[in-house]
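Read off the chains here:
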Amino acid sequence: MLKLDMGFLEGKKILIVGVANKFSIASGIAESMHNQGAELILSYQSERLKDKVMKLGNTWGCETYIECDVSSDESISNMMDVIKNKWGYLDGIVHAVGFAPANELDGDFVEAATREGFKIAHDISVYSFTALAKAGNSLMTGRNASLLTLSYLGAERTLPNYNVMGVAKAALESTTRYLANSLGPQGIRVNAISAGPVKTLAASGVKSFKKMLTYNAERAPLKRNISISEVGNAGAFLCSDLASGITGEILYVDAGFNITAMGDLTEIN
Ligand code: NAD
Ligand code: 0WE
């Protein structure tokens, strides 16, 4: 993308949680935000990802990398301390994290469901957004700051195998509204992007994912799938002052798939 002198995120300091590799949705968001002039701090889940994340982050001018496991309050609190020392404040947090145990995402919902799987999926994919908002709150007050998370249509409609992640995404979308209402008086906005399917690490190993991509591309009004840079551009906008009147919103970046109720019937006799 063309980089102009002044981007619409110039002067904004943003924490991005969820980069694993160059295919990550968080990487698309990081790149768009960097192109619009934002300064970024990246967190990574564990030591195992550190080198890869640092190599990527260096291409976006990042100087600070922090290990953070979002299932631990202590880990989140340590990360915010590092940010406080480095920047003193924060203008935004991107939450691009989702996880459920693999056995929950394979087969019939009722058969695959377990109490432990539900707990893990909701802890890592849902509560972590509130945990980041809570721990980052004091760094963001009075700065027109903005929080962003990533959802999927499985929050609202059923599809094969998505199972407990759909239930978790529904809770995440509700969390987006409750956070927006809670933090609005401080000038903090909270939004989500409901992205179409993208071949990322989290999608690899998902049964028939290729078929899902084909199905989505055939049905979507734009007749194609979306890219992480399209999610990135929408995310950069939502976290910018251009979106100052938008909070509690779930924005679809899905080539229009969600508005359709039937395909073109060509496969039907
Ligand atoms: P990804 O695998 O690249 O990113 C998932 C990230 O979550 C990884 O960076 C991983 O390290 C991180 N993570 C998992 N557990 C963690 C923990 N305990 N602590 C810290 N980090 C942890 O996959 P992605 O598709 O880019 O996923 C990002 C977000 O986008 C997820 O919320 C996902 O549900 C959502 N999403 C994905 C798609 C898709 O089709 N890929 C579509 C819509 C929404
Ligand atoms: O939110 C997601 C990814 C969710 C996800 C994927 C995995 C696979 C590997 C969460 N946890 C795990 N755990 C693992 O062990 N998406 C929107 C992408 C996705 O994942 C699916 C999908 C789609 C679409 C899983 C089943 C069916 C459809």
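Structural notes, computed from the coordinates. (Residues numbered from 1 in each chain as written. Chains lettered and ligands numbered in written order. Predicted model: local features only at pLDDT ≥ 70, side-chain atom pairs only at ≥ 80, totals over all residues. Heavy atoms only, no water.)

With that out of the way, let us pick up the nonpolar core. Soluble globular proteins tend to pack their nonpolar side chains together in the buried interior. Ranked by size, the top nonpolar core spans 46 residues in total, and within it I14, I16, M33, L40, I193 and V231 carry the most contacts. Sorting the residues of this core by element identifies β1 (13-17), α1 (25-35), β2 (39-44), α2 (47-59), β5 (146-151), α6 (163-183), β6 (189-195) and α8 (228-238) as the ones contributing at least two each. When sequence neighbours within four positions are dropped, the list of residues in contact with L40 reads I14, I16, A30, M33, H34, W60, C62, E63 and W87. Core analysis: the next-biggest nonpolar cluster, separate from the first, contains 31 residues, I41, C68, I76 and M79 among them. (Core = buried A, V, L, I, M, F, W, Y, C linked by side-chain atoms within 4.5 Å. Buried < 20%, exposed > 50% of the residue type's maximum accessible area, 1.4 Å probe, protein only. Helix = DSSP H or I, 4+ residues; strand = E, 2+ residues; numbered from the N terminus. Contact = heavy atoms within 4.5 Å.)

This model, assessed by the stated rule, comprises 2 aromatic pairs. Judged by centre distance (5.0 Å) and plane angle (70°), the ring pair of Y152 and Y162 falls under edge-to-face. Remark: Y162 occurs in the loop between β5 and α6 and Y152 occurs in the loop between β5 and α6; sequence separation between them is 10 residues. Judged by its relative accessible area of 15%, Y152 is buried. Given a relative accessible area of 18%, Y162 falls into the buried group. (Phe/Tyr/Trp six-rings, centres within 6.5 Å; stacked < 30°, edge-to-face > 60°.)

It is worth spelling out the site of ligand 2 at this point. Inspection of the region around ligand 2 gives 15 residues, with A100, Y162, A202, V206 and M212 positioned closest. Here A100 contributes a backbone N or O atom positioned 2.7 Å from a nitrogen atom of ligand 2. With respect to ligand 2, the side chain of Y162 contributes an N or O atom lying 2.8 Å from an oxygen atom. With the chains in place, 85% of the 580 Å² that ligand 2 exposes on its own is no longer accessible. Elements represented by at least two residues in the shell around ligand 2 include exactly α6 and α7 (209-219). Considering only residue class, the shell around ligand 2 consists of 13 nonpolar, 1 polar and 1 charged. (Near = heavy atom within 4 Å. Polar contact = N/O pair within 3.5 Å; in protein donor to acceptor, adjacent residues only side chain to side chain. Areas by Shrake-Rupley, 256 points an atom, 1.4 Å probe, with all protein chains shown as cover. Nonpolar A, V, L, I, M, F, W, Y, C, P; charged D, E, K, R; others polar.)

Another aspect to go through is the sheet that holds strand β7 (residues 250-253). Strand order in the open sheet formed by 7 strands is β3-β2-β1-β4-β5-β6-β7, with parallel pairing between adjacent strands. The open sheet has two free edges, formed respectively by β3 (64-67) and β7, since each of these has just one partner strand. With direction set aside, neighbouring strand axes in the sheet form an average angle of 20°. Across 5 bridges, β1 lies against β2 in parallel orientation. In the strand pairing of β2, V17 is matched with S43. Each of β5, β6 and β7 is contacted by α8, which is oriented at about 165° to β6, the strand it contacts most. (Pairing = 2+ DSSP bridges. Axes fitted to C-alpha atoms, helices over the stretch in contact; angles between N-to-C directions.)

Looking now at α8. All of the buried residues along α8 are I228, V231, G232, A234, G235, A236 and L238. Structurally, α8 contributes buried residues whose contacts are with α1, β5, β6 and β7.

Turning to the pairing of β6, a few remarks are in order. The element β6 is largely enclosed, with a buried count of 7 among its 7 residues. The alternating pattern of β6 places R189, N191, I193 and A195 on one face and V190, A192 and S194 on the opposite face, and all of these are buried. Pairing analysis gives 6 bridges linking β5 to β6, with the strands arranged parallel. For S146, the partnering residue across the bridge sits in β6 and is R189. With α6 bridging β5 and its parallel neighbour β6, the resulting β-α-β unit is right-handed. Bridging between β6 and β7 involves 4 bridges; their strand directions are parallel. Residue pairing in the sheet places S194 in a bridge with Y252 of β7. (Right-handed = clockwise from strand over helix to strand, strands pointing away.)

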